[in-house]
Amino acid sequence: MPSDDGASLAASFSYWQTVRLNPATCPVRDVLDRLGDKWSTLILIALANGPLRFSMIRRNIPDISKRMLTQTLRDLERDGLITRHVFPTKPPSVEYRLSPLGRSLQGPLVALIGWAEAVHGDINDARARFDTEAEAVRTAG
């Protein structure tokens, strides 16, 4: 028996199909494309406790390149999830912070991150089983 959440998701999906929602304007694809990329969610999490300068964000996410951090910050700013503040110092200093829209995402992110942490081991176990079975089929055939 589907859960209430499952029924709600199925109803939304059915509605999108009946209105022939254009994939280019689908709100789910549009928003999740940003949040589902490799860096955006990590940057939003890094900014959760308050404003940070570029160098501090980079220190908090050491495997992101300067170029990718710059591009992702621009994309998040364009989407209205963060704001960029330039201070008139020499040289100018810049700090990034969550916008009200970005802060509204914190509750859903807490739920998603909690779920990811809770099931990460189960997902790794499932991947290992799948890979083992796939390898057995490949070598048998």
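Just above sits the structure.
Structure report, in brief. Worth saying up front: this structure is predicted, and the values here are computed from it rather than measured.

Rules and cut-offs
Residues numbered from 1 in each chain as written. Predicted model: local features only at pLDDT ≥ 70, side-chain atom pairs only at ≥ 80, totals over all residues. Heavy atoms only, no water. Pairing = 2+ DSSP bridges. Helix = DSSP H or I, 4+ residues; strand = E, 2+ residues; numbered from the N terminus. Buried < 20%, exposed > 50% of the residue type's maximum accessible area, 1.4 Å probe, protein only. Core = buried A, V, L, I, M, F, W, Y, C linked by side-chain atoms within 4.5 Å. Patch = residues over 30% accessible without salt bridge, like charges linked within 9 Å, V, L, I, M, F, W, Y side chains within 5 Å. Areas by Shrake-Rupley, 256 points an atom, 1.4 Å probe, with all protein chains shown as cover. Salt bridge = Lys/Arg side-chain N within 4 Å of Asp/Glu carboxyl O. Contact = heavy atoms within 4.5 Å. Expected span 1.5 Å × (residues − 1).

Spatial ordering of the open sheet is given by S1-S3-S2, a layout of 3 strands whose pairing is antiparallel. At either end of the open sheet lies a strand with only one pairing partner, and these are strand S1 (52-53) and strand S2 (82-87). Strand direction decides the pairing type here: S2 and strand S3 (residues 93-98), joined by 6 bridges, are antiparallel. Of the residues in S3, the one forming a bridge with Phe87 is Ser93.

Our next topic: the pairing of S3. With respect to burial, S3 is a largely interior element, 5 of its 6 residues being buried. Summarising the sheet, S1 and S3 pair through 2 bridges and their orientation is antiparallel. Considered in S3, the bridge of Arg53 is made with Glu95. Linking two consecutive strands that pair antiparallel, namely S2 and S3, is a turn of 5 residues.

Ranked by size, the top nonpolar core spans 20 residues in total, and within it Ile43, Leu44, Leu47, Ile57, Leu73, Ile82 and Tyr96 carry the most contacts. Among the elements of the structure, helix H3 (40-46), helix H5 (66-78) and S3 are those that each provide at least two residues to this core.

All right, on to a nonpolar patch on the surface then. On the surface, a cluster of nonpolar side chains totalling about 230 Å² of accessible area is made up of Val28, Val31 and Leu32. Assignment of secondary structure puts Val28 in helix H2 (residues 27-35).

Our focus in this paragraph is the side chain of Thr72. Positionally, Thr72 belongs in helix H5. With residues near it in sequence (within four places) discarded, Thr72 still touches Trp39, Ser40 and Ile43.

Its place among the elements puts Lys90 in the loop between S2 and S3. Using a relative accessible area of 83% as the deciding quantity, one classes Lys90 as exposed.

Right, let's talk about helix H1 (residues 4-18) for a bit. Between its first and last C-alpha, H1 extends 21 Å over 15 residues, near the 21 Å set by a 1.5 Å rise per residue. Two residues or fewer after H1 comes Arg20, characterised by a positive phi angle close to 50°.

A separate point is the side chain of Arg34. Residue placement: Arg34 occurs in helix H2. A relative accessible area of 16% places Arg34 in the buried class. Excluding anything up to four places from it in sequence, Arg34 contacts Ser40, Asp75, Leu76, Asp79 and Leu81.

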